[in-house]
Amino acid sequence: MNRPLLDVDAVQAFLAIAEFRSFTKAADALGSTQGAISVKLKRLETRLGHKLIERTPRLVRLSAQGAIFENAAREFVAAHDRALASLHTERRHFRLGIASHMAGPETPTLLARLHQRDPALSIEVRLDNSHTLLDAFDNGDLEAVIVGQEDDRRDGEDLGPEHFSWFAAPGFEWRAGDPLRMAALMPCCQVRNTAIQALDRSDIAWNEVFVGGGYAVMAAVSAGLAVGALACRLAPADTIDVGERFALPALPSSRVMLHSTLTDSRSRDALRTIAAAYREHRSVRQVAPQA
């Protein structure tokens, strides 16, 4: 009895669709097109004689047979990658900079996928403000950076919008006449400077009661110590948007930009993985900017 031969590219397409529950996001992650992904899935289903993905205008999900096949498919691709890696053991160092105010829930996913796609890739991640990271990138100290959009730099890859607002713990109180207690990133942070300028234009007195790194600021806001100007998708789940409640000024939106000059295929594959991880998570708690 002849067994069907599996096409690695087709199996990878199936796994990407299963992971993202989206043909568009799967194509993005693999650096392909939605049409090509659909063709590969159809070819795999034909060879196996089973429908693996159920697709409707509103939903993409695994079929019963697809759910059974998924784990074996992952083992198949992993074995394929290990076989290739055994012949190409050269390790490569990849230095990535991420702006502190943009490092959120996608970061663990991003790093895990980079390692999964290229186990020989040694990853170094630096968190800092956008200006410092861009300087390091220009000096060749970083291979790629994820930062907020800069007025004088529009040559990067646009990963999507970033909306900001004022967040605080549900029980946070601001008494009339008192300066607004703020938790903020370091003075060189663009988000901090934009927020302070907005308060000053609105004649709202403020006082920084906490200054620190991204996660530390979020912890201070969650603890009820202060209000923080945060990206909506990164605001802690136990905080609320208090911009309207306290009549605080609207904060302008920005764009998440990926800058890199790398062109070799291995690096471009890593960059596609990074971009896909960010685009997948950018809608988390993302809201439209205030009017």
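The structure under discussion appears in the preceding block.
Chemist: Would you mind going over the overall build of the chain in detail, with residue names and values included?
Modeler: Counting its regular elements, the chain contains nine helices and twelve strands. In terms of overall dimensions, the chain has a C-alpha envelope of 85 × 45 × 30 Å along the principal axes. In the chain, which comprises 291 residues, the proportion classed as buried is 44%. Within the chain, contacts between residues at least 6 apart in sequence are counted, and of these 77% link residues at least 24 apart. Taking the average place of the 34 positive charges on the side chains of the chain and the average place of its 36 negative ones, the gap between the two points comes to 8 Å.

Chemist: Report on the sheet that holds strand β4 (residues 121–128), specifying residues and quantitative values.
Modeler: Ordered in space as β4-β3-β5-β12-β6, the five strands form an open sheet in which the pairing is mixed. The open sheet has two free edges, formed respectively by β4 and β6 (157–162), since each of these has just one partner strand. In this sheet, neighbouring strand axes are inclined to one another by 15 degrees on average, regardless of whether the strands run parallel or antiparallel. By the bridge criterion, five bridges tie β6 to strand β12 (residues 254–260) in an arrangement that is antiparallel. Looking across to β12, one finds that Pro161 is bridged to Arg255.

Chemist: Hey, could you go over a nonpolar patch on the surface for me, with residue numbers and the actual values?
Modeler: Taken together, the side chains of Val125, Leu127 and Tyr215 define a hydrophobic patch exposed on the protein surface, amounting to about 270 Å² of accessible area. The residue Leu127 is located in strand β4 in this model. Overall, Leu127 belongs to the partly exposed group, its relative accessible area being 41%.

Chemist: So, the sheet that holds strand β9 (residues 206–211): which residues are in play, and what are the values?
Modeler: The five strands are arranged β9-β8-β10-β7-β11 in an open sheet whose pairing can be described as mixed. Only two strands of the sheet have a single neighbouring strand rather than two, namely β9 and β11 (240–241). In this sheet, strand β10 (residues 227–231) lies alongside strand β8 (residues 180–184) in parallel orientation, the contact comprising two bridges. By the bridge assignment for β10, Met182 is matched with Val227. Packing of helix α7 (residues 190–201) onto the sheet brings it into contact with β7 (164–168), β8, β9 and β10, and relative to β9 it is tilted by some 160 degrees.

Chemist: Tell me about the environment of Ala18, residues and numbers included.
Modeler: Tracing the backbone shows Ala18 in helix α1 (residues 8–20). Put simply, Ala18 and Trp166 are 148 residues apart on the chain and 36 Å apart in space, counted from C-alpha to C-alpha. Ala18 has contacts with Leu62 and Glu70, leaving out every residue within four places of it along the chain.

Chemist: Could you give an account of the packing of aromatic side chains, with specific residues and numbers?
Modeler: For any two aromatic rings, the description comes down to two numbers: the centre-to-centre distance and the angle of the planes. In this structure the tally under the stated criterion is three aromatic pairs. Relative to Phe246, the ring of Phe172 has its centre 6.1 Å away and its plane inclined at 70 degrees; by these criteria the two rings are edge-to-face. One end of the pair, Phe172, is in the loop between β7 and β8; the other, Phe246, is in the loop between β11 and β12, and 74 residues separate them in sequence. Taken as a pair, Phe172 and Phe246 share a single burial class, namely buried. With centroids separated by 5.7 Å and ring planes inclined at 90 degrees, the aromatic side chains of Trp174 and Phe246 adopt a geometry described as edge-to-face. In this pair, Trp174 sits in the loop between β7 and β8 while Phe246 sits in the loop between β11 and β12, placing the two residues 72 residues apart along the sequence. In this structure Phe246 comes out as buried when scored by relative accessible area, which is 13%. Within the aromatic cluster, the residues linked to one another by ring pairs are Phe172, Trp174 and Phe246. We note Arg55 situated over the ring of Phe23; from NZ or CZ to the ring centre the distance is 3.9 Å.

Chemist: Describe unusual backbone geometry, with residues and values.
Modeler: One non-glycine residue, Arg21, adopts positive backbone phi at about 55 degrees. You can see Arg21 is positioned in the loop between α1 and α2 (23–30). Even without being glycine, Asp203 reaches a positive phi, approximately 55 degrees. Assignment of secondary structure puts Asp203 in the loop between α7 and β9.

Chemist: Lay out the packing of α1 against helix α3 (residues 34–48) with the relevant residues and their values.
Modeler: Viewed as axis vectors pointing N to C, α1 and α3 meet at an angle of 110 degrees, and their least axial separation amounts to 8 Å. Considering the angle they form, α1 stands roughly perpendicular to α3. When α1 is examined against α3, the residues Asp9, Ala10, Val11, Ala13, Phe14 and Ile17 are found in contact with a partner set consisting of Ile37, Lys40, Leu41, Arg43 and Leu44. Split into classes, the residues belonging to the contact of α1 with α3 amount to eight nonpolar, no polar and three charged.

Conventions and cut-offs
- Residues numbered from 1 in each chain as written.
- Predicted model: local features only at pLDDT ≥ 70, side-chain atom pairs only at ≥ 80, totals over all residues.
- Heavy atoms only, no water.
- Helix = DSSP H or I, 4+ residues; strand = E, 2+ residues; numbered from the N terminus.
- Buried < 20%, exposed > 50% of the residue type's maximum accessible area, 1.4 Å probe, protein only.
- Contact = heavy atoms within 4.5 Å.
- Lys, Arg positive; Asp, Glu negative; His and termini not counted.
- Charge placed at Lys NZ, Arg CZ, Asp CG, Glu CD.
- Pairing = 2+ DSSP bridges.
- Axes fitted to C-alpha atoms, helices over the stretch in contact; angles between N-to-C directions.
- Patch = residues over 30% accessible without salt bridge, like charges linked within 9 Å, V, L, I, M, F, W, Y side chains within 5 Å.
- Areas by Shrake-Rupley, 256 points an atom, 1.4 Å probe, with all protein chains shown as cover.
- Salt bridge = Lys/Arg side-chain N within 4 Å of Asp/Glu carboxyl O.
- Phe/Tyr/Trp six-rings, centres within 6.5 Å; stacked < 30°, edge-to-face > 60°.
- Lys NZ or Arg CZ within 6 Å of the ring centre and 35° of its normal.
- Parallel < 35°, antiparallel > 145°, perpendicular 65-115°, else oblique.
- Nonpolar A, V, L, I, M, F, W, Y, C, P; charged D, E, K, R; others polar.

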